[in-house]
Amino acid sequence: LLCPICLCVLVDPVDTACSHTFCRSCATSSLQKLSLCPECRAPGKLADLKTTSFKFKSMLGRLKAYCDHHQDAEAGPSSSSSTNTKKRGRGRRPAAKKEDNSCSWEGEWSELSSHLHTTCQLVPVPCGYSCGTTILRRHYDPHIAKCTHRPSPCRYCSEVMPMCNINQHYTSCPDFSIKCTCGVDLLRKNMDVHALVCPNTLIPCSLGEYGCAVSVERRLMVVHMTEAEATHRHLLLAKIRLQDGIIQKQQDTILELRQEEQQRKQQQRTLLSSRIAPLASSSMTLERLPPRVTSPTSTSYSSSSSSSSSSSSSSSSLSRSPPASLSRINTSQAKAATPPSSSSKSPSYSSSLSLLEMMFANTLVRCGSCKSTFPPDERSRICSICGSTFCSTDCRKVHSH
């Protein structure tokens, strides 16, 4: 029932291919170094290891065992080795017992592992608050009560933190009571509001934007304003001179921009005049041309009172007045044949001048046909009868009186 490698009672026994039994940890470490059986030196592998039979394990579990933390008076490998915590003192009855430094547990071998992990008071365990300390289980509760990493709430703001950080937290706790330099006790979170009225708060001079870089306590600001009156006056004068220079530069810039705008408008007027002058001259030339339709010769109509019945009917038909359409044609042709007088200008010439004036005035006009608003240009047309303005020739054609 002893392991041939560690010479202690078998723990989690396994069998090799050659039927030798070892502790699982001992057999694994040996085969990893050398693929030979530690007992008979036969070839072996880790894959060949198999768990010992249930009957053997049951027999092993019924062995009487003592806790690993018994103090054994006999000198031996299991009692002198401090590193072998797995099977220290197992299977041996101690010669003397010391309650303070030894565990008095006795039981079966199968229950020893559970005892060491749960109830043995001499087993080292780590601190539950991650302070890095390893202590005996019997000292665990007293250590937890005094551990510097135990959770502790702040007595001012109730925030929970490790006990070792509580003093550092007091330097930034918003509900911690502090005393201002003026002698007033207040909470840290109210310090910003108090600084607006505290007489000992450093505040900049009210003329800082003009160049005064002095910062004094609020209660001494009146004294500073009195003592530095001359300095403040010079700073204000320098600021005014600077502003005057900036204003003068801006005025010069505005004047230059206005002159450029006037030059640009003058160039536009010149360009428009050069484009519209040919249109005006062509319209005046068309007005002075002779009419294409000449007036017909007048027809005399006479009537005779003494004639025959046949001649009287023919003479009565000739003595009737001429048709109205012929009268309108004669009248319009007579008007067209009449040359323009020197005192009155033609309608088309006047329309061209009115269009030119509107283009110079940079005004917007409404089309007499499509009712759209547009700036007049050389494509615009004006009716010589009603004086309406049109945006294009197409709109002028569809216009009717």
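Everything quoted here is computed from the prediction, not taken from an experiment.

Asker: Tell me about empty space enclosed by the protein, and please be specific about residues and values.
Answerer: Summed over all chains, the structure comprises two cavities of 30 Å³ or more. Roughly 50 Å³ of volume is contained in the largest cavity. Thr16, Ala17, Cys18, Leu31, Cys37, Ala42, Pro43, Gly44, Lys45, Asp48 and Leu49 together form the lining of the largest cavity. The class makeup of the residues in the lining of the largest cavity is seven nonpolar, two polar and two charged.

Asker: Break down unusual backbone geometry for me, citing the residues and quoting the values.
Answerer: Here serine 19, not a glycine, exhibits a phi torsion of approximately 70 degrees, which is positive. Topologically, serine 19 is positioned in the loop between β1 (13–15) and β2 (21–23). Given the relative accessible area of 61%, serine 19 is considered exposed. Look at serine 158: it is not a glycine, yet its phi comes out positive at around 65 degrees. Judged by relative accessible area, serine 158 falls into the exposed class, the value being 56%.

Asker: An account of the sheet that holds β2 is needed here, citing residue identities and associated values.
Answerer: Taken together, the three strands give an open sheet; going across it, the order is β2-β1-β3, and neighbouring strands pair in antiparallel fashion. Two strands bound the open sheet, and with one partner strand each, they are β2 and β3 (50–51). With two bridges connecting them, β1 and β3 associate as antiparallel partners. Across the sheet, the residue bridging to aspartate 15 is lysine 50, located in β3. Against the sheet, helix α1 (residues 24–33) contacts β1, β2 and β3, and its axis sits at roughly 95 degrees relative to β2.

Asker: An account of the confidence of the model for the protein is requested, with residue identities and associated values reported.
Answerer: Chain-level statistics for the protein give a pLDDT mean of 74 and a share of 70% at 70 or above. Here residues 73–99 is a poorly scored stretch, pLDDT under 50, and it has 46 contacts once near neighbours within four places are set aside; other chains count. Here residues 286–353 scores under 50 on pLDDT; set against residues more than four positions off or in separate chains, the count is 28 contacts.

Asker: I'd like a rundown of the pattern of salt bridges, residues and numbers included.
Answerer: Taken as a whole and judged by the stated rule, the model has five salt bridges. Arginine 219 is the salt-bridge partner of glutamate 217, the closest N and O atoms lying 2.8 Å from each other. Of the charged contacts, one joins glutamate 261 and arginine 264 as a salt bridge, the two residues approaching to 2.2 Å between their closest N and O atoms. Here glutamate 261 pairs with arginine 264, and both are found in helix α9 (residues 229–288), just three residues apart, close to one helical turn. Judged by its relative accessible area of 32%, glutamate 261 is partly exposed.

Asker: Lay out α1 in plain terms, naming residues and giving numbers.
Answerer: Burial in α1 covers these residues: Cys26, Ala27 and Leu31. For α1, the angular spread of the buried residues around the axis is 115 degrees, confining them to a single face. Exposed side chains of α1 directed beyond 90 degrees from the buried face belong to Gln32 and Lys33. Those residues of α1 hidden inside the fold are in contact with β1 and β2.

Asker: Requested: an account of the nonpolar core, with residues and values cited.
Answerer: Cys3, Cys67, Cys103, Trp109, Leu116 and Cys120 are the most contacted members of the largest nonpolar core, which totals 22 residues. Put simply, the parts of the chain that give this core at least two residues each are β2, α1 and α4 (112–118). Among the elements that take part in this core, α1 stands out by supplying three residues, more than any other. Of all hydrophobic cores here, the second largest spans six residues; its members include Val365, Cys367, Phe374 and Cys395.

Calculation rules
- Residues numbered from 1 in each chain as written.
- Predicted model: local features only at pLDDT ≥ 70, side-chain atom pairs only at ≥ 80, totals over all residues.
- Heavy atoms only, no water.
- 1 Å grid on protein atoms, 1.4 Å probe; cavity = no way out; pocket = protein on both sides within 12 Å on 5 of 7 lines; lining within 4 Å.
- Points joined across faces, edges and corners; volume = space filled by probe spheres on them.
- Nonpolar A, V, L, I, M, F, W, Y, C, P; charged D, E, K, R; others polar.
- Helix = DSSP H or I, 4+ residues; strand = E, 2+ residues; numbered from the N terminus.
- Buried < 20%, exposed > 50% of the residue type's maximum accessible area, 1.4 Å probe, protein only.
- Pairing = 2+ DSSP bridges.
- Contact = heavy atoms within 4.5 Å.
- Axes fitted to C-alpha atoms, helices over the stretch in contact; angles between N-to-C directions.
- pLDDT = per-residue confidence, 0-100.
- Salt bridge = Lys/Arg side-chain N within 4 Å of Asp/Glu carboxyl O.
- Arc of directions from axis to C-beta.
- Core = buried A, V, L, I, M, F, W, Y, C linked by side-chain atoms within 4.5 Å.

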